[in-house]
Amino acid sequence: MPGGSPKRPEPTFDGWSPRTEASVWLGLGLLGVGVLWFTVRAVEIDRSLDAASRQLASAGPPDAAPPPAPAPDAGAEPHLALSWTVGAPGEPAEPLASVRRAAEELLARRLPHGLRRGAVIRAVAEAARAPKEPRVLALAVRAAGQPEARFYRFDGNATGRLVDEEGRELVPNPWQAPLATLRRTSPFNPKRMHPVLHRVRPHEGTDYGAPSGTPVYAALEGSVSWVGPHGGHGNWVAIQHENGVETGYAHLSRFAAGLKRGDHVATHQLVGYVGSTGRSTGPHLHFSASRNGVYFDAETLLAMRLRELPADQRDAFRAEKGELDRELDDIGDPLPAASRPGGGDEPASPANDSVSQPRAAASGARRQRR
């Protein structure tokens, strides 16, 4: 309007002028840039502190010794080592009790006369498998009047069976002892002086002393060919086996209930009880064996079966044997009832027959299994 006052700029944002609004937006932009910069720096500082903390933690105190280097046989299983006297009262706690039972079972099936009361046994076994599946690695057994015998589990023969000190594999024998404990009182002898008839007469079997009423078992499965009185044999049981051998069990006090001729009996099945019937000077079992009517030494049926290791496995066996021998030698020995004169088959004395707890239960020896 002519002669009027100049026109003012109109507000653009709630009464702000364009200059004021531009200043506000500039300030907000600068604030955002600052916040973003501080955020980035905070993340960088946090990462630096974390890395420094980890470095300090791994370094340890300034004077701390460096961590020990892993043992060369790290991962090897510790072994259990123990010794005991067969027939001793008491039973150790698991896993030692499982190792003891497994060791006695192995020996009872492989020793020619079974495992006698009073024998001292030392054993080394893998700890990881006990008590559910104890794996015996080495055994040392010493019976009264006999040198110590040692057996080892050698996996190089693929069977994992026991091997004796000469590197011969012990093959399980299907024949089993007719008595739980064998105490031989008279061997097989074609020219023996008969104790009753007082003249030279072949002793066609082996006599084992035992109290009257002691259970008598079939040495191998077969068919009963005789049960009843049989002259000088007294009450006699004879069993015909598939391999052509007939075994006899004489002087019985009585027979197993219901046993009759023609019955099939299993290995280690009860056939009667020790007595002194027939021509006998006291309770004992007369155990005999014949083939085609010709008697032979029945004890040969119970002998250990041995098989030589192949030549290419003998060096490996000797190396393992040396390691196991050292562990056996380190095991403490209980007071040996077997060292008492004539003590091999007599009831053990509670004072001497006790389970020898191994040092700290486990031997502490570690060996890398091959």
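Computed from a prediction, not measured in an experiment: that's the story for all the values here.

*Asks:* What is the right way to read the nonpolar core from this model?
*Replies:* Residues Leu179, Val216, Tyr249, Leu285 and Phe287 are the most contacted members of the largest nonpolar core, which totals 28 residues. Where this core is concerned, the elements lending two or more residues are β11 (235-240), β12 (245-255), β14 (270-274), β15 (284-291) and α3 (299-302). The contacts of leucine 285, once residues within four sequence positions are left out, are Pro178, Leu179, Thr206, Asp207, Tyr208, Val216, Tyr249, Ala250, Leu252 and Val274. Of all hydrophobic cores here, the second largest spans 23 residues; its members include Leu82, Val99, Leu111 and Leu162.

*Asks:* Is there a simple way to explain the pairing of strand β2 (residues 120-126) in this structure?
*Replies:* On a regular strand, one side chain projects to one face of the sheet and the next to the other, so that they alternate. Most of β2 sits out of view: seven of its seven residues are buried. Both faces of β2 are covered, namely the face carrying Val120, Arg122, Val124 and Glu126 and the face carrying Ile121, Ala123 and Ala125. Pairing of strand β1 (residues 78-85) with β2 involves seven bridges; the strand directions are antiparallel. Bridging across to β2, alanine 81 finds its partner in valine 124. Where β2 meets strand β3 (residues 135-142), seven bridges bridge the pair, whose relative direction is antiparallel. Residue pairing in the sheet places isoleucine 121 in a bridge with valine 141 of β3.

*Asks:* How should I be thinking about the pattern of salt bridges in this particular structure?
*Replies:* Between side chains of opposite charge, a pair can form when the charged atoms approach closely. On inspection of all chains with the given rule, the structure shows 12 salt bridges. Among the ionic pairs, glutamate 126 bridges to arginine 135, the shortest N-O distance being 3.2 Å. Both residues of the pair, glutamate 126 and arginine 135, count as buried. Between arginine 150 and aspartate 325 there is a salt bridge, and its shortest N-O distance comes to 2.9 Å. Of this pair, arginine 150 sits in strand β4 (residues 149-153) while aspartate 325 sits in helix α4 (residues 314-330); the two residues are 175 residues apart in sequence, bridging distant segments of the chain. Aspartate 325 sits in the buried class, given a relative accessible area of 13%. Linked by salt bridges that have partners in common, Arg122, Glu148, Arg150, Lys321, Asp325 and Asp329 make up one network.

*Asks:* Even after reading the chapter, I still don't get the confidence of the model for the chain, so can you show me in this structure?
*Replies:* Any segment with low pLDDT has predicted coordinates that should not be analysed in fine detail. Averaged over all residues, the pLDDT of the chain is 76; the fraction at 70 or higher stands at 69%. The low-confidence segment residues 69-76 (pLDDT under 50) makes eight contacts with residues lying over four places distant or belonging to another chain. Counted against residues more than four places away or in other chains, residues 335-370, with its pLDDT under 50, gives 105 contacts.

*Asks:* What should I look at first to understand the packing of aromatic side chains in this one?
*Replies:* The relative placement of two aromatic rings is captured by the distance of their centres and the angle of their planes. This structure, assessed with the given rule, holds three aromatic pairs. Geometrically, the ring pair formed by tyrosine 152 and phenylalanine 317 is edge-to-face, given 6.0 Å between the ring centres and 75° between the ring planes. In this pair, tyrosine 152 sits in strand β4 while phenylalanine 317 sits in helix α4, placing the two residues 165 residues apart along the sequence. Here phenylalanine 317 falls in the buried class, since its relative accessible area comes to 4%. Note on phenylalanine 154 and phenylalanine 317: the rings are 5.7 Å apart at their centroids and 75° apart in plane angle, and the pair reads as edge-to-face. Of this pair, phenylalanine 154 sits in the loop between β4 and β5 (162-164) while phenylalanine 317 sits in helix α4, placing them 163 residues apart in sequence. When sorted by exposure, phenylalanine 154 lands in the same class as phenylalanine 317, which is buried. Put simply, the rings of Tyr152, Phe154 and Phe317 pair up and form one aromatic cluster. Lying over the aromatic face of tyrosine 273, arginine 254 brings its terminal NZ or CZ to 3.9 Å of the ring centre.

Rules and cut-offs
The residue count restarts for each chain, going from 1 along the sequence in the order it is written. In keeping with the model being predicted, local features are shown solely for residues with a pLDDT of at least 70 and side-chain atom pairs are shown and tallied solely at 80 or more, while totals for entire chains, interfaces and linings include all residues. Each side-chain value is worked out from all heavy atoms of the structure, with water and hydrogens disregarded. For our purposes a nonpolar core is just a set of buried Ala, Val, Leu, Ile, Met, Phe, Trp, Tyr and Cys residues, chained together by side-chain atoms within 4.5 Å. Burial here depends on accessible area, computed with a 1.4 Å probe over protein chains only, as a share of the maximum for the residue type. Under 20% is buried, over 50% is exposed, and the range in between is partly exposed. By definition, any uninterrupted DSSP run of H or I lasting at least four residues is a helix, any uninterrupted run of E lasting at least two residues is a strand, and each is numbered from the N terminus. Any two residues whose heavy atoms approach within 4.5 Å at even a single point are treated as in contact. In this analysis, strands are considered paired if DSSP registers two or more bridges between them. For salt bridges, the criterion is a side-chain nitrogen of Lys or Arg within 4 Å of an Asp or Glu carboxyl oxygen. Residue-level confidence of the predictor, termed pLDDT, takes values from 0 up to 100. Under the pairing criterion, centres of Phe, Tyr and Trp rings, with the six-membered ring standing for Trp, must be within 6.5 Å; the plane angle then separates stacked pairs below 30 degrees from edge-to-face pairs above 60, leaving the rest tilted. Charge over a ring is defined by NZ of Lys or CZ of Arg lying within 6 Å of the ring centre and within 35 degrees of the ring normal.

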